[in-house]
Structure formats: structure tokens, C-alpha cells
Amino acid sequence: MKSTSLCISALVLSFAGCSSTTKTNKPDAASPAPNISTKAFLSPPRQLTFAGARAGEGYFSRDGRYMVFQSEREANNPFYQIYLMDLNSGSTQRISPGQGKTTCAWIHPSNKYVIFSSTHEDKQVIEKTKAEWEERKQPKKRYSWSFDDSYDIYRSDLKGKKLVNLTKSKGYDAEASYSPDGEWIVFASNRKAYSDQMSAAEKAAFERDPSFMMDLYIMKADGTQVRQLTQAPGYDGGPFFSPDGSRITFRRFNTDGRTADIYTIGVDGKDEKRLTDFKSISWAPFYHPSGDYIIFASNKFGHANFELFIVDSQGRHAPVRVSDSEGFDGLPVFTPDAGHLVWSKATEKGDAQLFISAWNDKLAREALNLPPTTPNVRELKPEIRSADAKAWVEYLSHSRFLGRMSGGETEPQYTQTLANAFRDMGLKPIDGSFFQNYEFTSGIDLGSENSVALESAGKIWRPKLNADWIPLSYSKTGKFNSAPLVFAGYGIVAPAAGDQPAYDSFAGTDIKGKWVMVFSGVPENVSSQRRFHLHMYSRLQHKATVARQRGALGLIFIDDTETPSSPLRLKFEGRGEDAGLPVLRFSNHWIDNLLKSVGQSRRDWTKKLASGEVFSSNLESMSIQADIDLQLKRSKTRNVVAMLPAQGAKSNLVIGAHLDHLGMGEGGNSLSSQPGIHPGADDNASGVAGVLEIAHAMSEAVRSGKLKLTQNVIFGLWTAEEIGILGSAHFLNTIKSPTLAYLNLDMIGRYDKQLLIQGTGSAKEWAHLLEKSALTSNLIIKTQSDPYTPSDSLAFYMRGIPSLMFFTGAHPEYHTPADVADLINYDGITEVAGLVYDLGITLAKTNPSPVTYQKADGALHPLGSPGRGFRLYLGTIPDYTRESLKGVAISGTSKDSPAEKAGLQPGDIILQLGGIEIRNIQDYVYCLQALKANEKTKMRVLRAGREQEIEITPVLKTQQ
């Protein structure tokens, strides 16, 4: 159970000499919110349960369909049993065994399991039941909670079958709940009183009250990996995970049991915070679905007068009273959509039953000085309108979501909000859930074995990691023995093109078996045409590939500027593939001191190279060795997907947008020189807002009978697009029914002069359909046949699905912290969403599908590949959904391209081109430089697990 009895306040326990290291946030003790009536927080409550002597602890499934609760309603058993109420049908069934005592149930996020605590396997269950009946016959028998040492935590299915004991430990194991991802269980237990040696004071306290030894524990969902979280004396109990799974809220009674306060703690047992200091009993805390605040009960205003209060999750604001009624109010729980509150409330008969009331979140936030929360679908209008689009963009681009990095700590919160919105719009989950979970390579960390030692003139220099040097994320890892060092200018090799001569930083310099130091940019004092030409070959990953192909052992990047180095930080700039050699970056300050010791300077080197001349310096008096240890991080993320079903339909129209953005800019895609929250208002909160508006309008049209669908309409909000369209690819790998067409909304928030619709070449009918929809639109529209867009529409096109992308254009704030909600054209979003809605209706109510896939003439370098600007063309389309792969996987080929003519197939992995090994996309681009137009060359590919060699003839771009 998440609570203790009312009579525990009367317990008097003594325990001297105890101290606590808990952090205490102590705001003002005043609790009523000034100038706010408690009646404003809650609507008149409606009773939910009626049967039995009492009911409580009502907790909801994640999708809001079920409520599990405990109730005393069995004729032959005086104790609580566990019941599951189907909120769709209103039916209720018992899922606990029916014998003994039970308490504290919770539904697994998958809706497959329920956990609860029970004593039904106690050998004395019959005797204890008879004794309870006898005690209850006493006229002044006062209700109190039992800390029976035979309580264990059990798991069952939703029908109470397949019962499994998860704890099997002597002592009270109860008050359990699942983590949001369903992988962990937090619970309360006094088990150590039965297994550990207690002090005399502890033993005396425990004999008076067994709850005195109660602490919080955490374990895996299967009952393994049990770990104690708290150890302070007194009753720690009633734990619940925060919505993002990072923290736990609970209440702690002091050692004499007279007072209790609300706490939170990290899931690792660290960073404990006290949120209240009422000097009364405050208990039964529960997080609001936003995670921003916690509701709890307290008798601050009278021993038996338990009322409801809220406090922000950081404890910065004084708690605020939200109820004021006669009798007991406790055990409050928010519904998953955050729109209602359910709690145990005294009835006129004097017992306690479950009641429900609408909850005023807006007022709660004003009272606690918190920012606005998620838009409430019940308050939004079903028609497409700018006010609602603005609400969604402002919500998603809020700083609290830290830039919506895929797999980030805030992702569970806003994805749950979006899933709730789809549900409230009347859409249905696919395969029982609005979520599609998957794993991906999300980043990189420094391991414990990173060091560099550089010897110069008999002196050993040891730069400090993170201060003086850092490995780059695509560095090869391992131990690298001492080798000579050479400086090679900018490390650029660029072929001649037009009136631009060739450039080779390594001309006349032998770098084989040596460490090479190069500048990270391009020469400054050259013409803009020359600078542009060299820039095409200046990406750091490309420089690493060139150095490796020339035989370098390792590569060091330094700056050519006089300004101090920006802070060194490890950025994830790859997809798990390394460059084939160690790659390091050194700070200006450290490298200047090193070069000064041998009579060299970066300033002199910069002057010699600035005009575009080639210059190198033999630093063989120096040698360097290094240990590089990098650890790839794997993260979990999830798409949010919902369906508007059509009766009898066997195929789908999909309308989607990517949900993720760049977080704090720590990855390699940020265009900002400084880290900071990247709100992603246009990219792509605007597209998500458009999808939500379309979904709401279309669902209402179906509900009202104004629209009859012949195709299912699936609305998809994809994650990991910024990393490589992983979310949409995962959807396509898992969806079972065929998809007839896809409409993609990516950056539709900055409409100014025109709307660009890309991919019209993917179906021969697109032009005619768009012509019809455009008649009712005020938008200036430009179409583009090319389907090779840097967004999720490419994933669908490569699966043979006609696809369109809607895009209002790039801007200076793209991929920077300046992409904020204030710059969005909300009327523009609604115009674009209206156009997509009209087109979507045409597609979804027509059977058979009005569009036919065709392979389109494509852009020469899809997805903004590093080869943009190179003169040769093969027509391969890299598959960016394949991670940590040696070689370059392709998802397909462009129409009539050399790759198509050579017989390359989707799924092929290119291992070698023109005799050069291919480890990653950078190697592939490097090889393109070395090929000759219209001259056959050999390519080695891995196809279906077998290597084979084919011939391919590259062509000049001008031939396309």
C-alpha cells in the first residue's frame, strides 16, 4: 500500500542519536494559496466505487483504459482484495486470489501484467481471517494497517492468472509500482529486520512498530537485482516513479511516527530531497503526469482532517492546499491524461470510496509559479486553427524538454503527452500501444583509459584530457605506440576542377607510419571560388579518411586562429563507425607551448598557408603515443503512432512528421558555435503540430459522419530523424499492412514566399491531385520532382511508396538555439495543414489508391551527403538506418543511374571501390575523387552474406 493508517500518528517511538544527510528544500511553511479558492482546483466530485466497506488506491493503466484498486467487498474475507475495472465497459473483476490480505496494485505499461502484494500463501491465513472477523465485532474497533510479515509481491495477468511470487522474502514487501518503461519495480520493505542484526534501540522500536524498519527498495520487473535505496530510520513508503523514470517520490515518517513529510530521490538512491516541512502527517505523494509537481495528503489543519496539497517537484514553492471538505481526503492519483484526479474520500456512511473530479492544471501551475503545461485536447477545437498549432509548438519547443534529443531524459514525458492526445482525439493504438520502442546508437562517452604522451627533445609532455586534448568521436580506439610527428598544413587533397587547380597538402611529405598534425579549416586569404572548392574537401571526417589512405598512423587537429580555443568537448559526430585511425584535437594554448619549445609557431604556419600555398614541417624530433578509449552509448526511444481505422480496410495512408531535434547541440548536426538548448520550433515542432491538427480534424469528421474512409489513416511522429531517419524506418520494418502513400510535414513553420512540395516524381498522379487541392488553398506552391529529401519521406519512397514532403524553407535559425516559437508563422502552419488534410481525404476515401509508385529522377547526392559538389556520380542511395557497420549500406539506386545499370540492389553493402577499402561514408566519398568518368571500375559488395564483385562506370554530373 502507498500509505499508512491514520492511527500511526498516535504511535510513539523513541530512537536517539539518529541523523540524516537528506537535502532539505524549505520554502515558506504557509500552505493555502493566496487569493485562490480551494474549490477552483476541483470540480464537484463524482463517486466511482460503491461496493464494500471501503475502497482505495486506484491506479490507472498507462493508456487510461483500466483502473486497478483495492476494496473490502468479499463476503467471506474482511481484508482488501485487488480489482480491475475496465473503464470502457464498466465491468469489474477480482484479480487477487481472494484469500488473505492484499494491497498496492499497479498495472504494467504493456497492459499484460498486474503486480500486487498478498499474504494468500501464509499458512496461518485461515486463522488470521477468523481473528479479524472477531475483532471487527468489537464496537470500538479502530481501523489500522497490518504489516504482516508474510506479505509478498506477486505478478499476474489481467485476469489474475499465471501468478508469480517476485519477492519470496520474510517481512512486509508491498507498496510496489512499475517504472514508466516497465523494467523496474520500486517497493517498501522491512525485510532487513528479519535478516540483519539490529541494534537494541532498533529492535525495541521494531517491536513497538514493525514499520519503523521500512525502507525503499528497487528491483527488476522479474524480481531480480534487488537493491536498497533508503536507509534512514523511520517508515519510508508509498513510492512512485516520476513520469520520466529518473526519480521516485515517497513519504518518510519520523522516528516516533508522529509526523511525516514528502521526499524525492534518484533511482540510484542519490540526491534525496525533502519537499515539505509541515510538522504533521504528509503522505501518499503522486506525480502529476508532467512531472512538474506532486499531489499529496496532509492533516496540517487538524488531526483527523486530511486534505489534499500540491508542491512543485523541486520543492522551491510553498505547498498549496487544493481541497477543503469534511472528512478524510487522501491517496490522490492523476489520470494519465492529467485531466482528472481520483482519490479516497469519506462518504456519508463514514467509509471511504474512490471519487473522481476534473483537475485544474492551469490554476495549479499558476499557484506554484510553474510554466504552462501540455495542450488539453478537450480544450482544443477539432478544426485546424492557428491557436491550437501555437499551443503545440510552444509546448514541444519549451526549454524543459531540453531540445527533444532522441532517447533523452525528457522524451517519455512529451511522447506520453502526444500519445494521450491521439487517444483523446479518438484514434486507436496499433498492436495495442501508441508507442513503437526501439534502440539506437545515441552517443559516445570517454572511457577510463585515455592518455597522450608526447616526447620532444628529451622532455615528456602529458596533456590533460578535456583541458588540453580530446579524442574525436570517430577516432579509432586502442593503444598506439610512439611514432614521429609531422605537420601537413590543412590536410586537404582536392582534385582540379574547371579553372581551379588541384591542391595536395601532403605533396612532397611522407606521412606513412607517422602522426600528422593539420589545421581544421581551409586557407583564409584565397578567393571565394578557391575557398569554396577547398571547402568541399575540408570536412574533418574526410581529412581523416585521406590521411589514413596516405598511410598516416594518427591525426591531430589544431586551429589556425589566434583566438583562444573553444572548450573541448566530445561530440557524437558519427554513427558508430570509426575513421580507421586515432583522431585527436588539441587546445591552442597547449599546442602553442609545445611548439614554442622547438622554435615553431602556429602563427608562422598560418601566414605561410594563408594564400593557398602548400607547406609542411617535419617535426620528427617529436614523437607521440596514445591510448584511446571511447564507449558507444545505446539508448531507447519510441515513435508515437496512432490509427484512424476504416472498416474493412487492409491498407493505409500515413501522415507523419519527425518529433526529435538536437537536444543541447552536443551532436555533430548543430550549426551553432556554442552549446545550448535547441528548441526546434520549426524543426520540427511545426510539423508535429500540423500532424496533430490534421489528426484532430479528420477524426472529428469521421466521428460526425461527414467523412467515410476506405483506407486506414496512420499518424506517425518519428524519432531519431536527425540521426538518420531511424524512426520511420523502424515503423516500416514493423507495420504489417501495406502503405499506399505517405505525406511528410517537415519544417512547415516559416511560410513566407512559398511552400515547397518535394517528391512529386514518386507517383505519376501527384501533379493532378495537387492541382485539385491547391485550388482551395491560399498558398503559393512550388513542386519538385526529386524524392530524395533529407527527411523521413525518403524512407517511404525507398520502400516503393509514393511520398511527398511539405517544407516552407530554410532560414538562418536552422539547427541553432534561435529556432524558437516566437518566429513561427502559425497561420502558415494551418494553411499547410489544411492543404495536407484536403489531399489526405482524397487519398483516404478513394479505393483503389489513386496514386501509383514510380521511380523518379533524383538528386545527385541525397541526404546532403559529404560528396555534394563532387563531379562524379554513381547514383547510390546510402542507408542511414544501418548502424555501426563496416562498409556503406545502400537503400537503393537512382533511376537510370550507373548504380542501377550495374545491378546494385537495396541492402547491398559496399566494401571496396576502385581497389580502396570502404569503412564508412567518408571513405566512399574519398574514392569518388580518385575515379575517372566513363571508365569502368570494380566494386566489391556484400549481398545476402556473400561477397561479390561487380563493374560500375561513373559518369560526370553534367551527363545526368
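In this text the structure is predicted, and so the values were computed from the model without any measurement. (Residues numbered from 1 in each chain as written. Predicted model: local features only at pLDDT ≥ 70, side-chain atom pairs only at ≥ 80, totals over all residues. Heavy atoms only, no water.)

J.: Teacher, can you tell me more about the side chain of D152 here?
T.: On the secondary structure map, D152 appears in strand β9 (residues 152-156). With no salt bridge to any partner, buried D152 finds its closest opposite charge in R191, at an N-O distance of 5.9 Å. Here T167 takes part through its side chain, which lies 2.7 Å from a polar atom of the side chain of D152. If we skip the residues at most four places from it in the chain, D152 touches F116, S117, S118, N165, T167, K168, S169 and D173. (Helix = DSSP H or I, 4+ residues; strand = E, 2+ residues; numbered from the N terminus. Buried < 20%, exposed > 50% of the residue type's maximum accessible area, 1.4 Å probe, protein only. Lys, Arg positive; Asp, Glu negative; His and termini not counted. Salt bridge = Lys/Arg side-chain N within 4 Å of Asp/Glu carboxyl O. Polar contact = N/O pair within 3.5 Å; in protein donor to acceptor, adjacent residues only side chain to side chain. Contact = heavy atoms within 4.5 Å.)

J.: Explain helix α9 (residues 588-596) to me, please; I cannot follow it from the model alone.
T.: The α-helix advances 3.6 residues per turn, and as a result positions three or four apart in sequence lie on the same side. For α9, the set of buried residues is N588, W590, I591, L594 and L595. All buried residues of α9 lie within an arc of 165° about the axis, which places them on one face of the element. Facing away from the buried side of α9 by over 90 degrees, the exposed positions are H589 and K596. (Arc of directions from axis to C-beta.)

J.: Which parts of the structure should I look at to understand helix α13 (residues 726-734)?
T.: Counting buried residues in α13 gives seven out of nine residues, a clear majority hidden from the surface. Residues of α13 that are buried: L726, G727, S728, A729, H730, F731 and L732. Check the buried side of α13 and you find it contacts β26 (435-446), β37 (630-644), β38 (652-658), β39 (712-718), α12 (721-724) and α15 (793-797).

J.: In this structure, what is going on with the pairing of strand β4 (residues 66-71)? I would like to understand it.
T.: Two faces, one strand: in a regular strand the side chains alternate between the faces of the sheet. Burial of β4 is extensive: six of the six residues sit out of reach of the surface. Side chains Y66, V68 and Q70 project from β4 onto one buried face, and the interleaved M67, F69 and S71 project onto a second face that is buried too. Note: strand β3 (residues 55-60) against β4, four bridges, orientation antiparallel. Bridging from a neighbouring strand, Y59 pairs with V68 of β4. A loop of five residues connects β3 with β4, the two strands running antiparallel in sequence, and G64 in this loop sits at a positive phi of about 80°. Pairing between β4 and strand β5 (residues 81-86): six bridges, direction antiparallel. Looking at β5, one finds that M67 is bridged to M85. (Pairing = 2+ DSSP bridges.)

J.: So what exactly am I meant to see when it comes to the packing of aromatic side chains here?
T.: Centre distance and the angle of the planes are the two values used to describe a pair of aromatic rings. One pass over the structure, following the stated rule, counts 40 aromatic pairs. Aromatic side chains W718 and Y742 sit 6.5 Å apart centroid to centroid with 50° between the ring planes, which places their arrangement in the tilted category. In this pair, W718 sits in strand β39 while Y742 sits in strand β40 (residues 739-745), placing the two residues 24 residues apart along the sequence. Assigned by exposure class, W718 and Y742 land together as buried. (Phe/Tyr/Trp six-rings, centres within 6.5 Å; stacked < 30°, edge-to-face > 60°.)

J.: Quick question: what am I supposed to make of the sheet that holds strand β22 (residues 320-321) here?
T.: Backbone hydrogen bonds hold the strands of a sheet together, and the pairing may be parallel or antiparallel. A sheet is described by the order of its strands in space; here four strands give the open sequence β19-β20-β21-β22, paired in antiparallel fashion. Two strands close off the open sheet at either side, each with one partner strand: β19 (282-287) and β22. As paired elements, strand β20 (residues 293-298) and strand β21 (residues 307-312) share six bridges and run antiparallel to each other. Among the inter-strand pairings, S298 is bridged to a residue of β21, identified as E307.

J.: Any chance you could explain the packing of helix α14 (residues 766-774) against helix α16 (residues 826-844) here in plain terms?
T.: The description of two packed helices rests on the angle between their axes and on the distance between the axes. For the pair α14 and α16, the least separation of the axes is 9 Å and the interaxial angle reads 125°. Put simply, α14 runs oblique to α16. In terms of crossing hand, the pair formed by α14 and α16 is right-handed. Of α16, the residues touching α14 (which contributes W766, L769, L770, K772, S773 and A774) are L835, D838, L839, T842 and L843. Across the contact of α14 with α16, the residue classes tally to seven nonpolar, two polar and two charged. (Axes fitted to C-alpha atoms, helices over the stretch in contact; angles between N-to-C directions. Parallel < 35°, antiparallel > 145°, perpendicular 65-115°, else oblique. Left-handed = near helix turned anticlockwise from the far one by under 90°. Nonpolar A, V, L, I, M, F, W, Y, C, P; charged D, E, K, R; others polar.)

J.: It is not clear to me how the pairing of strand β24 (residues 340-346) should be interpreted in this structure. Could you clarify?
T.: Counting buried positions along β24 gives five out of seven residues, so the element sits mostly inside the fold. Direction of pairing for strand β23 (residues 329-334) relative to β24: antiparallel, over a ladder of four bridges. Of the residues in β24, the one forming a bridge with V333 is V342. Following β23, the chain reverses through five residues before pairing antiparallel with β24; A338 in that reversal takes a positive phi of roughly 70°. Pairing of β24 with strand β25 (residues 352-358), which is carried by seven bridges, proceeds in the antiparallel orientation. Directly across from W343, in β25, lies its bridge partner F355.

Interpretation in functional terms is not warranted from these geometric data alone.
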